[in-house]
Amino acid sequence: MSEININNHYYYNNQLRPNSSNSNKSFYFEISFPLVISICCVLPLAALFFCIVWSLTFDFYETTSTICHGKENVKNYFPSVSVATGLLTPQRYIWRFAIAVHLTPRFLIAYGYYTTHQLIVHGRNKRRLSALACTSHMVEIFSLAGLSFISSTENFEMHKYCFISFMLSATIHMITLCFLYYLGSRGDKLKDFPLSLKLKLAILVVNLLAFCMALWFYDRHNTHCEDGVYSLFGICEVVVIATNVFFHSTAVLDFRSSQIALVSASV
């Protein structure tokens with residue numbers, strides 16, 4: 001029989017069991033959970049950095065040129081994320097590969113948070129909040145997959161709906177997680193909660209501000225067709241993505257002493 005150990009607890013047949021004695025357990029492998037989280041955060045950031053640098057260096061005109069209300073040659077100096085990652089190769093290949101590799105471990109992170117919250121928060125409404133945080137995290141992951149593998153040039157409508165779903169679910173997840181950590185920190189059940197909560201709140205504020213600015217620049221570009229405005233929109237997009245990744249990277253603090261293990265156990 002097999003078990004998975006996350007956050008120093010064993011999950012066997014969907015039941016939580018404390019990590020008491022490992023004398024009768026044979027480990028197939030064991031890996032640091034913070035290491036997995038770090039890889040999941042580095043991959044999309046590194047891929048995004050590569051796509052932007054490559055686009056600006058080798059495909060500057062193709063990735064920065066825009067047409068607004070039939071007006072061509074609107075000058076811009078920075079590509080949007082969808083263009084930098086989905087329009088040309090090899091950027092499209094690098095971005096989709098990084099997203100594909102990092103997606104599956106993120107479901108473990110979502111489940112790890114869910115089981116942790118079930119342990120540290122009490123009451124039906126609080127447990128519903130933990131379920132909401134987990135569900136919104138899952139929707140965010142699926143929406144990111146849709147955004148990455150359906151580019152705006154291939155299917156603009158589907159790409160748009162995936163973007164709306166991504167931003168909505170990501171915002172709900174971040175706000176809900178901050179609230180859950182606020183509830184957890186009041187009970188002093190995990191000593192890293194205060195630092196983790198402060199980081200999450202700061203990143204959330206920057207993320208929401210950058211998103212609002214991106215909406216404003218996008219609307220201004222479509223309304224006035226001014227030079228450089230779409231570039232500012234692209235920069236705000238990068239800030240939104242980076243802060244989203246940084247928010248998820250705080251899981252390194254939340255699971256700093258946790259391991260993922262596959263073991264054989266006699267029941």
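Our subject is the structure that appears above.
About the cut-offs
- Residue numbers restart at each chain and count upward from 1, following the sequence in its written direction.
- Local features are withheld for residues below a pLDDT of 70 in this predicted model, meaning they are given only at 70 or higher, and side-chain atom pairs are given and counted only at 80 or more; totals for whole chains, interfaces and linings count all residues.
- As a convention, hydrogens and water are excluded, and side-chain values are obtained from all of the structure's heavy atoms.
- Only DSSP runs of H or I with at least four residues qualify as helices, and only runs of E with at least two residues qualify as strands; both kinds are numbered from the N terminus onward.
- Helix axes are fitted to C-alpha atoms over the stretch in contact, other axes to C-alpha atoms as well, and angles between N-to-C directions run from 0 to 180 degrees.
- Here roughly perpendicular refers to angles of 65 to 115 degrees, roughly parallel to angles under 35, roughly antiparallel to angles over 145, and oblique to all remaining angles.
- For a crossing to be left-handed, the near helix must be turned anticlockwise from the far one by less than a right angle; the clockwise case is right-handed.
- Any two residues whose heavy atoms approach within 4.5 Å are treated as being in contact.
- Under the convention adopted here, Pro, Cys and the residues Ala, Val, Leu, Ile, Met, Phe, Trp and Tyr are nonpolar, Asp, Glu, Lys and Arg are charged, and Gly plus all remaining residues are polar.
- Just to be clear on terms, a salt bridge is a Lys or Arg side-chain nitrogen sitting within 4 Å of an Asp or Glu carboxyl oxygen.
- Think of it in three bands: with a 1.4 Å probe and only protein chains considered, a residue is buried below 20% of the maximum accessible area for its type, exposed above 50%, and partly exposed in between.
- When charges are tallied, Lys and Arg are placed among the positive residues and Asp and Glu among the negative ones, while His and the ends of the chain are skipped.
- Here a polar contact is recorded for every N or O atom pair within 3.5 Å, except that within protein the pair must consist of a potential hydrogen donor and a potential acceptor, and residues adjacent in sequence are included only if both atoms are side-chain atoms.
- The span one expects for a helix is its residue count, reduced by one, times 1.5 Å.
- Aromatic pairing here means that ring centres of Phe, Tyr or Trp (its six-membered ring) are within 6.5 Å. Orientation follows from the plane angle: under 30 degrees is stacked, over 60 is edge-to-face, and everything else is tilted.
- Criterion for a charge above a ring: Arg CZ or Lys NZ at most 6 Å from the ring centre, at most 35 degrees from the ring normal.
- Residues with no salt bridge and a relative accessible area higher than 30% make up the patches, which join like charges within 9 Å and nonpolar side chains (Val, Leu, Ile, Met, Phe, Trp, Tyr) within 5 Å.
- Only the protein chains shown count as cover for residues, with accessible areas throughout obtained via the Shrake-Rupley method and a probe of 1.4 Å.

K.L.:
Sorry, what's going on with unusual backbone geometry here?
P.N.:
Trans is the prevailing form of peptide bonds, just as negative phi is the prevailing case for residues other than glycine. In this model, Thr-89 is joined to Pro-90 through a cis peptide bond whose omega is 10 degrees. Within the secondary structure layout, Pro-90 lies in the loop between α3 (81-86) and α4 (91-120). Residue Cys-225 is not a glycine yet carries a positive backbone phi of 55 degrees. Secondary-structure assignment places Cys-225 in the loop between α7 (193-224) and α8 (229-249).

K.L.:
How should the packing of helix α1 (residues 33-58) against α8 be read in this particular structure?
P.N.:
Two measures define how a pair of helices packs: the angle their axes make with one another and the distance between the axes. At a minimum axis distance of 9 Å, the contact between α1 and α8 shows a crossing angle of 165 degrees. Considering the angle they form, α1 stands roughly antiparallel to α8. For the pair α1 and α8, the crossing hand works out as left-handed. Contacts from Ile-37, Cys-41, Pro-44, Leu-45, Leu-48 and Ile-52 in α1 reach Val-238, Ile-241, Ala-242, Val-245, Phe-246, His-248 and Ser-249 in α8. Class assignment of the residues belonging to the contact of α1 with α8 gives a composition of 11 nonpolar, two polar and no charged.

K.L.:
Would you explain the pattern of salt bridges in this entry?
P.N.:
Scanning all chains against the criterion turns up five salt bridges. Arg-220 is paired through a salt bridge with Glu-226; the nearest N and O atoms lie 2.6 Å apart. On the accessibility criterion, Arg-220 (27% relative accessible area) is partly exposed. The exposure class assigned to Glu-226 is partly exposed, which follows from its relative accessible area of 27%.

K.L.:
I'm lost on the side chain of Arg-92 in this one. Help?
P.N.:
Mapped onto the elements, Arg-92 comes out in helix α4. One buried charged residue, Arg-92, forms no salt bridge at all, with the nearest opposite charge on Glu-154 at 4.9 Å. A distance of 3.5 Å separates a polar side-chain atom of Arg-92 from the backbone oxygen of Gly-86. Within the structure, the side chain of Arg-92 is placed 3.0 Å from the backbone oxygen of Leu-87, a separation counted as a polar contact.

K.L.:
What should I look at first to understand α1 in this one?
P.N.:
Helical geometry note: an α-helix holds 3.6 residues per turn, so side chains three or four residues apart project in the same direction. The terminal C-alpha atoms of α1, which comprises 26 residues, lie 38 Å apart, in line with the 38 Å expected from a rise of 1.5 Å per residue. Among all positions in α1, only Phe-33, Pro-34, Val-36, Ile-37, Cys-40, Cys-41, Pro-44, Ala-47, Leu-48, Cys-51, Ile-52 and Ser-55 are buried.

K.L.:
Could you clarify how one ought to interpret the packing of α1 against α4 in this entry?
P.N.:
Their axes nearest at 9 Å, the elements α1 and α4 cross at an angle of 160 degrees. Between α1 and α4, the crossing angle belongs to the class labelled roughly antiparallel. As for the relative orientation of α1 and α4, their crossing is left-handed in sense. Contacts between α1 and α4 pair Phe-33, Val-36, Ile-37, Cys-40, Leu-43, Pro-44, Ala-47, Leu-48, Phe-50, Cys-51, Trp-54 and Ser-55 from the former with Gln-91, Ile-94, Trp-95, Ala-98, Ile-99, Val-101, His-102, Pro-105, Arg-106, Leu-108 and Ile-109 from the latter. Taken together, the residues of the contact of α1 with α4 sort by class into 19 nonpolar, three polar and one charged.

K.L.:
Help me understand the packing of aromatic side chains, please; the structure alone is not making it clear to me.
P.N.:
Aromatic ring pairs are described here by two measures, namely the spacing of the ring centres and the angle between the planes. Taken as a whole and judged by the stated rule, the model has 11 aromatic pairs. Aromatic side chains Trp-54 and Phe-58 sit 4.5 Å apart centroid to centroid with 45 degrees between the ring planes, which places their arrangement in the tilted category. Here Phe-58 and Trp-54 lie together in helix α1, a separation of four residues that amounts to about one turn. Joined through ring pairs, the aromatic side chains of Phe-33, Tyr-113, Tyr-181 and Phe-255 make up one cluster. Here the guanidinium or amino end of Lys-160 rests over the ring plane of Tyr-161, the centre of that ring lying 5.3 Å away. A cation sits over an aromatic face here: Lys-200 above Phe-247, 5.9 Å from the ring centre.

K.L.:
Could you clarify how one ought to interpret the environment of Ile-52 in this entry?
P.N.:
Along the polypeptide, Ile-52 turns up in helix α1. Note on Ile-52: relative accessible area 10%, which makes it buried. Excluding anything up to four places from it in sequence, Ile-52 contacts Phe-78, Ala-84 and Val-238.

K.L.:
Would you explain a nonpolar patch on the surface in this entry?
P.N.:
A grouping of Tyr-28, Phe-29, Ile-31, Leu-35 and Ile-39 is seen on the molecular surface, where their side chains present a nonpolar patch of about 480 Å² in accessible area. Elements represented by at least two residues in the nonpolar patch include exactly β4 (25-32) and α1. With three residues, the single largest contributor to the nonpolar patch is β4. With respect to the element layout, Phe-29 can be found in strand β4. Given the relative accessible area of 43%, Phe-29 is considered partly exposed.

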